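Understanding the architecture of this molecule
Okay, here's what each chain looks like letter by letter:
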Amino acid sequence: MSNSPLTPGVVAHRLAPHVYHDNFTDVQPPLDRHEARVAADRCYFCHDAPCMTACPTSIDIPLFIRQIATGTPDAAAKTIFAQNILGGMCARVCPTEQLCEEACVRETAEGKPVEIGRLQRFATDTLMAKGVHPFTRAAATGKSVAVVGAGPAGLAAAHRLAMKGHDVVIYDARPKPGGLNEFGIATYKAPDGFAQAEVDWLLKIGGITVKNGVALGRDVSLADLKATHDAVFLGMGLAGVNALRAAGEDLAGVRNAVDFIADLRQAVDKSSLPVGRDVVVIGGGMTAVDAAVQSKLLGAQNVTIVYRREQGKMSASGYEQDHATSAGVRIVTNAAPVAVHGDGAVAEVEFAYTEDGPDGLKTTGQTFRLKADQLLKAIGQTLTGAPEGLTVTGGKIATTGAGRTSVAGIWAGGDCASGGEDLTVTAVAQGRDAAEDIHASLMGVSG
Amino acid sequence: MANLTTTFIGIKSPNPFWLASAPPTDKKYNVERAFEAGWGGVVWKTLGSEGPPVVNVSGPRYGAIWGADRRLLGLNNIELITDRPLQVNLDEIKEVKRKWRDRALVISLMVPCDEDSWKDILHRIEDTEADGVELNFGCPHGMAERGMGSAVGQVPEYIEMVTRWVKKHSRMPCIVKLTPNISNIRKPAEAAKRGGADAVSLINTINSITSVNLDTFSPEPMIDGKGTHGGYCGPAVKPIALNMVAEIARGRDTQGLPISGIGGVTTWRDAAEFMALGAGNVQVCTAAMTYGFKIVQEMISGLSEYMDEKGFTSTAELVGRAVPNVTDWQFLNLNYVTKAHISQDDCIKCGRCYAACEDTSHQAIAMSDERTFTVKDDECVACNLCVNVCPVENCITMVELPKGALDERTQRKVGDYANWTTHPNNPSVTAAE
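Residues numbered from 1 in each chain as written. Chains lettered and ligands numbered in written order. Predicted model: local features only at pLDDT ≥ 70, side-chain atom pairs only at ≥ 80, totals over all residues.

1. Examining the interface of chain A and chain B
Listed as interface residues are ten residues of chain A and, on the opposing side, eleven residues of chain B. Sorting elements by how many residues they give to the side of chain A that touches chain B places helix α8 (residues 105-110) of chain A first, with three residues. Here the residues of the side of chain A that touches chain B are counted per class, giving six nonpolar, two polar and two charged. (Contact = placed C-beta atoms within 7 Å. Helix = DSSP H or I, 4+ residues; strand = E, 2+ residues; numbered from the N terminus. Nonpolar A, V, L, I, M, F, W, Y, C, P; charged D, E, K, R; others polar.)

2. Looking at the packing of helix α5 (residues 73-83) of chain A against helix α9 (residues 116-129) of chain A
All names here are of chain A. Remark: α5 packs on α9, axes separated minimally by 8 Å, with the N-to-C direction vectors making an angle of 105°. Compared by their axis directions, α5 and α9 come out roughly perpendicular. Across the interface between the two elements, Pro73, Asp74, Ala76, Ala77 and Ile80 from α5 touch Gln120, Phe122, Ala123, Thr124, Thr126 and Leu127 from α9. Classifying every residue of the contact of α5 with α9 by side-chain character gives seven nonpolar, three polar and one charged. (Axes fitted to C-alpha atoms, helices over the stretch in contact; angles between N-to-C directions. Parallel < 35°, antiparallel > 145°, perpendicular 65-115°, else oblique.)

3. Some points on the domain arrangement of chain A
Residue and element names in this part refer to chain A. Per the domain assignment, the segments of chain A are domain 1 (17-25 + 243-377), domain 2 (33-129) and domain 3 (144-239 + 383-442). On a C-alpha basis, the centroid separation for the pair domain 1 and domain 3 is 30 Å. Facing ten residues of domain 1, the contacting portion of domain 3 comprises eight residues. Of the residues forming the side of domain 1 that touches domain 3, the biggest block, five residues, is contributed by helix α14 (residues 257-266). Taken together, the residues of the side of domain 1 that touches domain 3 break down into six nonpolar, two polar and two charged. (Domains from an automatic or database assignment.)

4. Regarding the sheet that holds strand β10 (residues 199-202) of chain B
Pairing between the strands of a sheet is mediated by backbone hydrogen bonds and can be parallel or antiparallel. Residue and element names in this part refer to chain B. Here we have eight strands rolled up into a closed barrel, ordered β3-β4-β7-β8-β9-β10-β15-β16, and parallel in their pairing. Taking the axes of each pair of neighbouring strands and ignoring which way they run, one obtains an average angle of 25° across the sheet. Bridging between strand β3 (residues 17-19) and strand β16 (residues 279-284) involves three bridges; their strand directions are parallel. Bridge pairing links Phe17 to Val282 in β16. (Pairing = 2+ DSSP bridges.)

5. Considerations on helix α11 (residues 352-360) of chain B
Taken together, the buried positions of α11 of chain B are occupied by Arg352, Cys353, Tyr354 and Cys357 of chain B. On its buried face, α11 of chain B is in contact with β18 (365-367), β19 (373-375), α12 (385-389) and β20 (396-400) of chain B. (Buried ≥ 20, exposed ≤ 12 C-beta atoms within 10 Å, placed from the backbone.)

6. Examining the packing of helix α2 (residues 33-41) of chain A against α9 of chain A
Axis angle and axis distance: for two packed helices, these are the angle between their axes and the distance between the axes, and together they describe the pair. Residue and element names in this part refer to chain A. Running from N to C, α2 and α9 cross one another at 135°; their axes reach a closest spacing of 10 Å. Comparing their axes, α9 and α2 come out oblique. Here α2 and α9 pass one another in a crossing that is left-handed. Counting all contacts with α2, which are made through Ala36, Ala39 and Ala40, the residues of α9 involved are Arg118, Leu119 and Phe122. Here the residues of the contact of α2 with α9 sort into five nonpolar, no polar and one charged. (Left-handed = near helix turned anticlockwise from the far one by under 90°.)

7. Focus: unusual backbone geometry
Residues and elements named next belong to chain B. Omega for the peptide link from Leu202 to Ile203 comes to 10°, which places this bond in the cis form. With respect to the helices and strands, the residue Ile203 is situated in the loop between β10 and β11 (206-208). Residue Pro221 is reached from Glu220 by a cis peptide bond, and omega for that bond is -5°. Relative to the helices and strands, Pro221 resides in the loop between β13 (219-220) and β14 (230-233).

8. Focus: the sheet that holds strand β4 (residues 231-234) of chain A
Residues and elements named next belong to chain A. Strand order in the open sheet formed by five strands is β3-β2-β1-β4-β17, and the pairing between neighbours is parallel. Of all strands in the sheet, those with a lone pairing partner are β3 (208-212) and β17 (410-412), marking the two edges. Each adjacent strand pair in this sheet contributes to an overall mean axis angle of 20°, direction not counted.

9. What about the nonpolar core?
Ile61, Ile68, Leu119, Phe233, Val281 and Ala292 of chain A are the most contacted members of the largest nonpolar core, which totals 149 residues. Other than its neighbours up to four places away in sequence, Leu119 of chain A contacts Leu31, Ala36, Ala39, Ala40, Ile65 and Ile68 of chain A. Counting residues in hydrophobic clusters, the runner-up holds 96 residues, among them Leu105, Ala144, Ala241 and Val319 of chain B. (Core = buried A, V, L, I, M, F, W, Y, C linked by C-beta atoms within 7 Å.)

10. Some thoughts on the confidence of the model for chain B
Taken over all residues, the pLDDT of chain B has a mean of 96, while the share at 70 or more is 99%. Scoring the predicted complex yields pTM 0.90 and, for the interface, ipTM 0.85. (pLDDT = per-residue confidence, 0-100.)

So this is what it looks like as structure tokens:
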């Protein structure tokens, strides 16, 4: 440990080597068999269950929990995967407190929902640990589908299409498949290479070829894909990052939070990652929380999230906010960045207090400065490089029905497409549903 | 704190909580620990005739079923009567009784079905100063195959005969322990009474197989791949035991016969229910085997508190209080009409009442798009299933329709008490002329 949390600047090795391991291990340890059965027993097996309605992929939650309770976690996993092939990752990253667990009747009754997320992880981990892939492909159709993006939407679409007997080629710009599962979420949510293991397991269905390092618009055109495949699914996510539009944004020490998170995920030795002594994160979503918490876990002395609106409007859930504050992160709200100050590198960030009124957000004129040697921007991602000819509305590829774009033969889903929240589970649902629609369209089935 | 001192067939104990004849009362060491913990009495584990010691299996003796979080709900056992030498037991009984004068100590007996065997054992135990004997006509496993235990308890004539021998050769109070593995529990109780028994105790354990191992296909508990029916006990058997106790308490020929209630007593409340149905005291085994002897402290404090609340100054005021309310179906009031009512404030919208009623009952609960559940009074037969499956206590209640009110289901007004014996649909009714 050559440095400490108090060492000025953006430096690595702030903590003792073993501390990094503890800090980046599973944020929530898996349930063991007995814990799972006790947790499963709390499920009331509701009629037309509200949790199931709340799940974007409509997993039959009461059924899979009953299957766990009766000692058949593999059957439970099949129930989950039938609706959501990335059920393993969703069990780790879903904001369950805003979805199934919020709807759980035991949340109404006692404020303590059935631990649906952890139970889902127990079931999916149990089956995946056996290396068994529970689905087989239908007879080959002779059709070929191009999928752009190997993130949750693309993988879900590819799997469902392969299952239906189509051949699928996934084109992905990154060096590895997984999309945000691999590059975009906090390390402690999916440690031990889970994202890659999940992709490997998913691909066991067969019939899917993954071409990494191939970016749409750079290495291949939509016209090429249309010419060589019978249908195209676009699930390339949001590659761009919003700018602060504040003076000094180009100073050293100012980074996009998504890049910081991606570096963290890819780093084998977390102690080698440089982090500021005083880190300021601007934004109010999950990315801001993930970046802030991980800065703290890398040994930053002071980490502050600054959000321009009131706390209730942060898109990070209450659970995520609590996670941040319990990790020692300070959350400042109603403050918008005005300027980044420093001589070559960031030294301070200046904010103006804001008021959210009927005419929108206004700065009050009062300002303050936060000491910072690292500034992470987490103010949202944007669609870049959308192919010519597709209608884009509100910064997303416009879709109707099950992901149909304005151009026949091209579907889209996930963060790049309109509709739904930007969540892994929503992307999976959209990819899956688009695949069903593509299948129906290719096979001449009405629907 | 209410005085729990109980006198049962002349045997006094500081509380009505006795340990049943079973593994917990096998020897001085356990019994003294029980008395130290506060148990009012014990029935010493069954003694047999002098002779070569009883041989038990050396594999599992117990099987179980569990609820959530491995809460033990039912236990079964294939252990036999004591496997210790008779004289050792007799010496220990005497020593314990002398040391614990205020506690009840009853000896359980099981010997072959001939008068000499009973005369001999009664003679042997006379010197122990024990308070009484309990005749084990109940154990359904092992000893029954040798003509003892439930093999006797299933033949009322044998019960009467042996009880007569016991009363002839001993001045000790005599309790006859009954097996539930019989179709009409009143028959053996009547036989015991005819034979001169001072009391009956029930129920002994129920023939059972707790589970089957689906890999080895052997019943549990498994001994070298095989299993046999063992005696089932614990919380799961309590409803069966309560009914059998009540049947004897209200039986024409058995009412007034003292009863020691046994079968799944786990808490003070269970004990109070047995006593309300006519048991003068209770005997406990599985609860002690599950949690240890300390549970008696909760039983003592719980029963005391309950008695104080009710203003009962002695356990005798509780005993039998519910017996007059146990009746036959034919005497139930057919003009008692209730309707389920769902409290919308308490409802958590799980929909279990709806699924139960819609799928398996009378389609009497409506579900709105917003998951509001309401009872259709014109369909509700008041079966109570919705109350039973609702996870929220008192969310669904049965509301009685007052006399004269219209029952929307039958379109009839609620009338006076009337039962099946006078119902027009009853072919046995003879019109009053």
